[in-house]
Amino acid sequence: MSQIQLPKSLEGKTVLIAGAAGFVPSTVAEFYLNLGAQVIGLDNFITGSKSNIELLEKYQNFTFFKQNIYQGLPNFSEQKIDYIFSLASPASPIDFSIIPLEIMRVNSEGTLALLELAKAKNARFLEASTSEVYGDPEIHPQTEDYFGHVNPIGPRACYDESKRFAEALTTSYAKKYGVDTRIIRIFNTYGPRMRPDDGRVIPNFINQALKGEDITIYGDGSQTRSFCFVTDLVDAIHNVMFSDVSTPFNIGNPDEYTIKECAEEIIKALGSKSKLSYHPLPKDDPKRRRPDMTKLQSICDYDPQISFQEGIQRTADYFKSKL
Ligand code: UDP
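The rules behind the values
- For every chain, the first residue of the written sequence is number 1, and numbering continues from 1 onward in sequence order.
- With the structure being a predicted model, the display of local features is reserved for residues of pLDDT at least 70 and the display and counting of side-chain atom pairs for 80 or more, all residues being used for whole-chain, interface and lining totals.
- Heavy atoms throughout the structure, all of them, feed into the side-chain values; hydrogens and water do not.
- A run of H or I in DSSP counts as a helix once it spans at least four residues, and a run of E counts as a strand once it spans at least two, with each numbered from the N terminus.
- The globule rule is 2.2 Å times the number of residues to the power 0.38, and the radius of gyration it is compared with is taken over C-alpha atoms.
- Three labels apply to residues, based on accessible area from a 1.4 Å probe with only protein chains included: buried if under 20% of the type maximum, exposed if over 50%, partly exposed otherwise in between.
- Throughout, a residue-residue contact means that at least one pair of heavy atoms, one from each residue, lies within 4.5 Å.
- All accessibility values rest on the Shrake-Rupley procedure with a 1.4 Å probe; residue burial counts only the protein chains present in the view.
- Positive charges come from Lys and Arg alone, negative charges from Asp and Glu alone, with His and the N- and C-terminal ends not counted.
- In this description, the location of a charge corresponds to atom NZ of lysine, CZ of arginine, CG of aspartate or CD of glutamate.
- Distance and chemistry together define a polar contact, namely a pair of N or O atoms within 3.5 Å, with one atom able to donate a hydrogen and the other to accept it when in protein, and with adjacent residues in sequence counting only for side-chain atoms on both sides.

**Student:** Explanation requested: the overall build of the protein chain in the structure shown.
**Tutor:** Broken down by element type, the protein chain carries 10 helices and 13 strands. The C-alpha atoms of the protein chain give 19 Å as radius of gyration, which agrees with the globular expectation for 323 residues (20 Å, within 12%). Sorting the 323 residues of the protein chain into buried and exposed places 57% on the buried side. Taking all contacts inside the protein chain whose residues are at least 6 apart in sequence as the whole, residues at least 24 apart take part in 81%. When the accessible surface of the protein chain is totalled, it reaches about 14,000 Å², and 50% of it is carbon and sulfur. Of the side chains in the protein chain, 35 bear a positive and 41 a negative charge, and the two mean positions are spaced by 2 Å.

Rendered as structure tokens:
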């Protein structure tokens, strides 16, 4: 593997971001706007926030189309496109029971449409896959060569299996048509611009702690996750996009916490009086999750900068501004 040459500027380049109203994609979009790229955002607001697009619209080099990407893309026949980020899927477990078909369609038909566009425009394409492709993993930490342990008919299947399909589709476009592709597997990520009612653990716990409500621990809280602050994640995404490696990379932060520790850290960081309350563990909830970062660190100096404590403060400040 070669070391990465990161561009100092992307002036004159066009970046397409599918799912631009989501918290990770809108942070990616802002990063590339600041590098001088023309950025085109697409979103249908199924789970993304209008406020994230309003923020991006302050940049002159941003254009937005309200569009459901599995129902067709805007007419880009005259448009040069250099980089495509496939970041459009809802990703919170509470979405899995409410909009499973939309999730499966965006990751299959939506990804297909973006890959066809990449082929037509000779653009580099990045598929944002997920640690969920490992399911409830039997090896720990998870390395990219692990094939996973996924229940194909369980409550998380719509996401896990459609992202596995998206990885297969991306790899097939690279092999059959020579499309220049990248794949990232995003581990648990949090930060400003998440929806307060997103349903994932960090926004739930922060909002409960801020309001002095009980912190809702599912199961006994011994299950683990490794949480990455969103700006560190964007740094990893950028490194992968500008690498020359098409096989998947884990991206995230390898610091691992039990969910109970996570609750206690949040209570402490926010000086909250909230108590812990225990609720049933959802079916197929992965017991342990931590990315093995060896592969990414073999091609760049990636080192997450934001500690959990600092990230929690920054995220809480964001939620406070929305209360
Ligand atoms: N969780 C919890 N309380 C909540 C929300 C989530 O204990 O209010 C747990 C959940 O059961 C899982 C972990 O926190 O074990 C992370 O859940 P999340 O929904 O953030 O994402 P996942 O990693 O499961 O996709």
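**Student:** What is the right way to read the side chain of Ser162 from this model?
**Tutor:** Tracing the backbone through its elements, the reader meets Ser162 in helix α5 (residues 157-177). Once residues lying within four places of it in the same chain are set aside, the contact partners of Ser162 are Ile103, Met104, Asn107 and Ala157.

**Student:** What am I meant to see in the side chain of Ser277 here?
**Tutor:** On the secondary structure map, Ser277 appears in strand β13 (residues 276-279). Only 2.8 Å separates the side chain of Ser277 from the side chain of His279, close enough to count as a polar contact. Ignoring anything within four residues of it in the chain, the contact list for Ser277 reads Asp214, Ile215, Thr216 and Ile217.

**Student:** I tried to follow unusual backbone geometry on my own but got confused; where do I start?
**Tutor:** Glycine aside, a negative phi is what most residues show, and trans is what most peptide bonds show. Residues His140 and Pro141 are joined by a peptide bond in cis, for which omega reads -10 degrees. Within the secondary structure, Pro141 is located in the loop between β5 (124-130) and α5. Positive phi values are uncommon outside glycine, yet Phe45 reaches one of about 65 degrees. You can see Phe45 is positioned in the loop between β2 (38-43) and α2 (50-56). Positive phi, close to 55 degrees, is recorded for Asn122, a residue that is not glycine.

Spatial relationships are all this shows, so hold off on functional conclusions.
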